[in-house]
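# An overview of the molecular structure
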Amino acid sequence: MISRIFIDIAVACGISTFLALVLVIAQRYLADYGICKVTINKKKEVSVQGGISLLGALSDQQIFLPSACGGRGSCGTCKCQLTSGGGPVLPTEKPFLSAKELGDGIRLSCQVKVKGDIEIQIEESIFNIRRYRTKVIDIVDYTYDIKGITFQLIDPQRIDFKAGQYVQLESQPYGKVKQKAVRAYSISSKPQDNGLIQLIIRLVPEGICTTWVHNHLKVGDEVFLTGPYGDFYIRDTEADMIFVAGGSGKAPIKSMLEYLQVVGTKRKMTYFFGARTCKDLYLTDEMKAFEKVFPDFKYEPVVSQPCPEEGWEGKLGYIMPYFPEAIRDPKNTEAYLCGSPGMLAAVQKALVELGVPQAKIYFDSFG
Amino acid sequence: MKLTPSEEQIMARMQPGVITLNGFLGFDTRNLNEIIADDEKVLEMLGISAEELAERMQYFSDKTFESYDLPVLIDEIYEVETNIVRGKLPCPFRHPGIYRKTITTLTNRKQQITVRWTALSIHTIKEHHFFEGKGSPFRLDPQILKKALLD
């Protein structure tokens, strides 16, 4: 009886092993898509190993589409246009694509598996995006929950970006976090300092990447950054400018002002920085100092809820009521905004009501 | 209550460090179905649905959004503010869509209760009846939540 049981177990194990082997062999040979060709913008061809995602295949070729979730199909930022190949749109992609995008062949590159030759269209600026090996050379506490981090570029050693653009930072596994995370942060340094990148990072409650930055990152650590990304940058006109930022939204505006300091400008500029309490203000002296750099620049910190003991004597409440005194010709005013969606919605509404054209309002709404 | 492979995958996504730092399950030893079933029993006892609670949460979050991220006092009882930070989160149940990293904090002055939730909490409660596991940073006890939002 017992021997019969052992024989049955052995037979079951044998069948399982056989099926597992069949699966492995099938995976190896039947799902081997070989080398596939990806044609980009009808002019560049790259050969990639089939069977992996288009996002990963392009990344292996040093072509980095933006991706805030590391290819998990949850952020919807790695869109590109497929003009040939790629198979049907997956259910995981549809929530991120509008009817027009679906009609235009837009896909999430992380969800497209390369199983044959593919033709894609991407913006030319994506060819400028690189993955940088960097070393942390400075960490500064700006407030109780905001740090400034400076990275020296090791390989490649130089980056070409526009003031206002952002990079993606890869955090490493730590504590309970078993995998890398990728998050986007605006560059706060000026493009002319192209051997380094500064970021301003606010600690996000329950944030995987910001907790790593705030609690684990040290001077001397190696960090990988990818970029530059984004279309938030200064338009080359003579229009007056209004900058509005809150929290870590100061980063791209700082980069823009430092850039303008180098190239010079006579444009009228007003910078409103919104903070909840005085403890949320930072780099105030540095921003005020621009009033001596530019012929017509004003830095206006506005605090909404100052504590009595803080003795705040500056502008109080919402930012918007102060706009009229800063805008002399609404039609000839550009606005550059970076902050939370709530703030941006209120600011945009106020600017449009004052006559600033919607087309001249540029913003980065916290990813 | 046994889990299907798909539910096991959902629980894997709820572990610390996958979507959020500390995950969605806290120190709870119950599985996903048990957590949901137990909270559904409490809801039944309270005579309110998860959808109703979620809609009330959304109402308060929307009120603060209209006020440009500043605290608002509603009906002289509810002190509510929403903090929005950079980034978005996916649903651990793999539902379509991504949710802004918002934290709404509500204090019911009458009941002296403070609760907080995220945009993702509203979704998981409304669509999945999931209030998170005990000990999770954003666990919402249905009984306390009802008291805070409606009493």
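Since the structure is predicted, the reported quantities are computational estimates derived from the model, not experimental observations.

Turning our attention to the pairing of strand β3 (residues 79-84) of chain A. All names here are of chain A. Pairing of β3 with strand β4 (residues 106-108) involves three bridges; the strand directions are antiparallel. Opposite Lys-79, over in β4, you have Leu-108 as the bridge partner. Note: β3 against strand β5 (residues 118-121), three bridges, orientation antiparallel. Following the sheet pairing, Ser-84 is matched in β5 by Glu-119.

Time to look at unusual backbone geometry. All names here are of chain A. In the segment running from Asp-155 into Pro-156, the intervening peptide bond is cis, with an omega of -10°. By secondary structure assignment, the location of Pro-156 is in the loop between β7 (146-155) and β8 (166-171). Although it is not a glycine, Asn-41 adopts a positive phi angle of roughly 50°. Relative to the helices and strands, Asn-41 resides in the loop between β1 (35-40) and β2 (44-49).

Below, the discussion takes up the pattern of salt bridges. Enumeration according to the criterion identifies 24 salt bridges over all chains in this entry. Between Asp104(A) and Lys100(A) there is a salt bridge, with the nearest N and O atoms lying 2.7 Å from each other. Its relative accessible area of 60% is what places Lys100(A) among the exposed residues. Within the structure, one salt-bridge network assembled from shared partners comprises Asp28(B), Arg30(B), Asp38(B) and Lys41(B).

All names here are of chain A. Note that Glu-334 resides in strand β16 (residues 333-338). Within the local environment of Glu-334, its side chain forms a polar contact with the side chain of Thr-237, the two groups lying 2.6 Å apart. Within the structure, Glu-334 has its side chain in polar contact with the side chain of Arg-267 (distance 2.7 Å). Residues in contact with Glu-334, not counting those within four places in the same chain, are Arg-235, Thr-237, Ala-239, Asp-240, Met-241, Ile-242, Arg-267, Lys-360 and Tyr-362.

Residue-level contacts link 32 residues of chain B with 37 residues of chain A. Summed over both partners, the interface of chain B with chain A comes to about 3000 Å²; 56% of that surface belongs to carbon and sulfur atoms. At the junction of chain B with chain A, the criterion picks out one salt bridge. A salt bridge links Glu81(B) to Arg276(A); the shortest N-O distance between them is 2.2 Å.

All names here are of chain A. Grouped together as the largest cluster of nonpolar side chains are 29 residues, with contacts concentrated most on Phe-243, Leu-257 and Tyr-271. For this core, the secondary-structure elements that each account for two or more residues are β12 (240-246), α5 (250-263), β13 (269-275), α6 (284-293), β14 (297-303) and β16. Here this core takes five residues from α5, the largest share from any one element. Split by domain, this core shows at least three residues from each of two domains, domain 2 (129-229) and domain 3 (240-364).

What follows deals with helix α8 (residues 341-353) of chain A. For α8(A), which comprises 13 residues, the first-to-last C-alpha distance of 18 Å matches the rise-based estimate of 18 Å (1.5 Å per residue) to within 8%. Of the residues one or two after α8(A), Gly355(A) is the one with positive phi, at around 105°.

Residues and elements named next belong to chain A. Reading across the sheet, the six strands line up as β9-β8-β11-β6-β7-β10 and stay open at both edges, with antiparallel pairing between neighbours. Of all the strands in the sheet, just β9 (181-186) and β10 (196-202) have a single pairing partner and so form its edges. The mean inter-strand angle of the sheet, taken between neighbouring strand axes irrespective of direction, is 40°. In the sheet, β7 pairs with β10 via seven bridges, with the strands oriented antiparallel. Its bridge partner being in β10, Lys-147 is matched across the sheet by Ile-201. On top of the sheet, helix α4 (residues 208-215) reaches β7, β8, β9, β10 and β11 (222-229); it is set at about 80° to β8, its chief contact.

Attention now moves to the packing of helix α3 (residues 50-66) of chain B against helix α4 (residues 119-128) of chain B. Residues and elements named next belong to chain B. Packing of α3 against α4 brings their axes to within 8 Å, and their N-to-C directions diverge by 160°. Here α3 is positioned roughly antiparallel relative to α4, judged by the angle of their axes. The element α3 and its partner α4 pack so that their crossing is left-handed. Here α3 contributes Ala-50, Glu-51, Ala-54, Glu-55, Met-57, Gln-58 and Ser-61 to the contact with α4, which in turn contributes Ser-121, Ile-122, Ile-125 and Lys-126. Its residues assigned to classes, the contact of α3 with α4 comprises five nonpolar, three polar and three charged.

Our next topic: the environment of Ser67(A). All names here are of chain A. Position of Ser-67 among the secondary structure elements: in the loop between α2 (54-60) and β3. Residue Ser-67 is classed as buried on the basis of its relative accessible area of 6%. With 161 residues separating them in the primary sequence, Ser-67 and Pro-228 have C-alpha atoms 12 Å apart. Leave out the neighbours within four places in its chain, and Ser-67 touches Leu-55, Cys-75, Thr-77, Cys-78, Gln-168 and Val-182.

Each value, and the rule that gives it
- Residues numbered from 1 in each chain as written.
- Chains lettered and ligands numbered in written order.
- Predicted model: local features only at pLDDT ≥ 70, side-chain atom pairs only at ≥ 80, totals over all residues.
- Heavy atoms only, no water.
- Pairing = 2+ DSSP bridges.
- Helix = DSSP H or I, 4+ residues; strand = E, 2+ residues; numbered from the N terminus.
- Salt bridge = Lys/Arg side-chain N within 4 Å of Asp/Glu carboxyl O.
- Buried < 20%, exposed > 50% of the residue type's maximum accessible area, 1.4 Å probe, protein only.
- Polar contact = N/O pair within 3.5 Å; in protein donor to acceptor, adjacent residues only side chain to side chain.
- Contact = heavy atoms within 4.5 Å.
- Buried area = accessible area lost by both parts, 1.4 Å probe.
- Core = buried A, V, L, I, M, F, W, Y, C linked by side-chain atoms within 4.5 Å.
- Domains from an automatic or database assignment.
- Expected span 1.5 Å × (residues − 1).
- Axes fitted to C-alpha atoms, helices over the stretch in contact; angles between N-to-C directions.
- Parallel < 35°, antiparallel > 145°, perpendicular 65-115°, else oblique.
- Left-handed = near helix turned anticlockwise from the far one by under 90°.
- Nonpolar A, V, L, I, M, F, W, Y, C, P; charged D, E, K, R; others polar.

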